[in-house]
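Summary of structural features
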Amino acid sequence: MEFLLLWWDNLDDSLGAARHLAPKILGFLLAFALFALTGFALLLAPQVALAAIGLMLSASLYDYWRRRRAALAEPR
């Protein structure tokens, strides 16, 4: 009986840890899947993939530039 209680306690602790770490694990799996998808896209359609990557990078740079200008224009 004590063995079952210890087993159940360990199972409960592991499920709690898995529930706590699930967003990090899923985020890693998503990042890895996007990395693999980017590699396949570069092999199958390099022009389209490079255009999409350039568009995403330019959008992020534009957003950084816009936030920086807004922070500099903000009165201190």
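The notes below deal with the structure included here. Note that the structure is a prediction, hence the values are computed from the model and not measured.

**Remarks on the overall build of the chain**
Helix and strand content of the chain: two helices and zero strands. Taking 76 residues into account, the globule formula puts the C-alpha radius of gyration at 11 Å, and the chain, at 23 Å, lies well above it. When its C-alpha atoms are laid out on the principal axes, the chain stretches across 65 × 50 × 5 Å. Per-residue burial for the chain yields a buried fraction of 1% across its 76 residues. About 7300 Å² of surface is accessible on the chain, with carbon and sulfur atoms providing 74% of the total. Each charge class in the chain was averaged separately, 7 positive and 6 negative side chains, and the resulting centres sit 26 Å apart.

**Digging into the packing of helix α1 (residues 2–44) against helix α2 (residues 46–73)**
Close contact between α1 and α2 brings their axes to 6 Å; oriented N to C, the two are set at 135°. Taken as axis vectors, α1 and α2 run oblique relative to one another. Contacts between α1 and α2 involve Thr-38, Ala-41, Leu-42, Leu-43 and Leu-44 from the first element and Pro-46, Ala-49, Leu-50 and Ile-53 from the second.

**Points about the pattern of salt bridges**
Tallied over the entire structure, the rule returns two salt bridges. For the salt bridge of Asp-63 with Arg-66, the shortest nitrogen-to-oxygen distance reads 2.6 Å. Of this pair, Asp-63 and Arg-66 both sit in helix α2, three residues apart, which is roughly one turn of that helix. Arg-66 sits in the partly exposed class, given a relative accessible area of 43%.

**A word on the packing of aromatic side chains**
Summed over all chains, the structure comprises three aromatic pairs. Ring centres of Trp-7 and Trp-8 lie 6.5 Å apart, and the angle between their planes is 50°; this geometry places the pair in the tilted category. Look at Trp-8 and you get exposed, because its relative accessible area is 55%. Pairing Phe-28 with Phe-32 gives two aromatic rings, centres 6.4 Å apart and planes at 25°, and the pair type is stacked. Here Phe-32 and Phe-28 lie together in helix α1, a separation of four residues that amounts to about one turn. Like Phe-28, the residue Phe-32 is exposed in the burial classification.

**Concerning the environment of Leu-21**
Residue position: Leu-21 is located in helix α1. With 14 residues separating them along the chain, Leu-21 and Phe-35 place their C-alpha atoms 21 Å apart.

**Here we look at α1**
Compared with an ideal rise of 1.5 Å per residue, which puts 43 residues at 63 Å, α1 spans 58 Å between its outermost C-alpha atoms and is within 8% of the ideal. A bend of about 50° at Leu-21 is the largest found in α1, and the proline Pro-23 appears one to four places after it.

Calculation notes
- Residues numbered from 1 in each chain as written.
- Predicted model: local features only at pLDDT ≥ 70, side-chain atom pairs only at ≥ 80, totals over all residues.
- Heavy atoms only, no water.
- Helix = DSSP H or I, 4+ residues; strand = E, 2+ residues; numbered from the N terminus.
- Rg over C-alpha atoms; globule rule 2.2 N^0.38 Å.
- Buried < 20%, exposed > 50% of the residue type's maximum accessible area, 1.4 Å probe, protein only.
- Areas by Shrake-Rupley, 256 points an atom, 1.4 Å probe, with all protein chains shown as cover.
- Lys, Arg positive; Asp, Glu negative; His and termini not counted.
- Charge placed at Lys NZ, Arg CZ, Asp CG, Glu CD.
- Axes fitted to C-alpha atoms, helices over the stretch in contact; angles between N-to-C directions.
- Parallel < 35°, antiparallel > 145°, perpendicular 65-115°, else oblique.
- Contact = heavy atoms within 4.5 Å.
- Salt bridge = Lys/Arg side-chain N within 4 Å of Asp/Glu carboxyl O.
- Phe/Tyr/Trp six-rings, centres within 6.5 Å; stacked < 30°, edge-to-face > 60°.
- Expected span 1.5 Å × (residues − 1).
- Bend = angle between axes of the 7 residues up to and from the residue.

Distances and angles like these do not, on their own, reveal function.
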